[in-house]
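Secondary and tertiary structure notes
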Amino acid sequence: MAPKSEHLMSLRAVRQLRRIRAFYAAGVLLWAAAAAWTGWTHSGGRQMWVSLLLLAVFTSLLATASLWLHRLQATQGHQPAHHAAPRRAVTPRHVNA
């Protein structure tokens, strides 16, 4: 069983990786559109190659973040987070018979 601080750190890491993965996915879409547009208007020009380079950078960042997230979730297992007190059956402490 991992210490509580490690569990919280891994939860934060998962949350941050999900956010950054969404950011990289938006970057991939943006640079794919930019590369297509500049390829259409300036085929073979410097702007097209820069757009393709940035598309490759964001694609590799997205792949890396997705891989890290997958590995982090695999090592974490599917243990539920314990945010609340455990549920116990309510039993009376003193029974007056």
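Please refer to the structure higher up on the page.
Reading the values: the criteria
Residues numbered from 1 in each chain as written. Predicted model: local features only at pLDDT ≥ 70, side-chain atom pairs only at ≥ 80, totals over all residues. Heavy atoms only, no water. Helix = DSSP H or I, 4+ residues; strand = E, 2+ residues; numbered from the N terminus. Contact = heavy atoms within 4.5 Å. Phe/Tyr/Trp six-rings, centres within 6.5 Å; stacked < 30°, edge-to-face > 60°. Patch = residues over 30% accessible without salt bridge, like charges linked within 9 Å, V, L, I, M, F, W, Y side chains within 5 Å. Areas by Shrake-Rupley, 256 points an atom, 1.4 Å probe, with all protein chains shown as cover. Salt bridge = Lys/Arg side-chain N within 4 Å of Asp/Glu carboxyl O. Buried < 20%, exposed > 50% of the residue type's maximum accessible area, 1.4 Å probe, protein only.

A look at the overall build of the protein chain
Within the protein chain, the regular secondary structure consists of two helices and zero strands. Contacts in the protein chain between residues at least 24 apart in sequence constitute 73% of all its contacts with a sequence separation of at least 6.

Digging into the packing of aromatic side chains
The tally for this structure, following the rule as stated, stands at three aromatic pairs. Taking the centre distance of 6.4 Å and the plane angle of 55° together, the rings of phenylalanine 23 and phenylalanine 58 count as tilted. On the criterion of sequence distance, the pair formed by phenylalanine 23 in helix H1 (residues 4-41) and phenylalanine 58 in helix H2 (residues 46-76) is long-range, its members being 35 residues apart. Relative to phenylalanine 58, the ring of tyrosine 24 lies with its centre 6.1 Å away and its plane at 75°, an arrangement referred to as edge-to-face. Taken as a pair, tyrosine 24 in helix H1 and phenylalanine 58 in helix H2 lie far apart in primary sequence, 34 residues in all.

Here we look at a nonpolar patch on the surface
Together, Leu53, Val57 and Leu61 line one region of the surface with nonpolar side chains, adding up to about 240 Å² of accessible area. Tracing the chain through its elements places leucine 53 in helix H2. According to the relative accessible area criterion, leucine 53 is exposed, its value standing at 54%.

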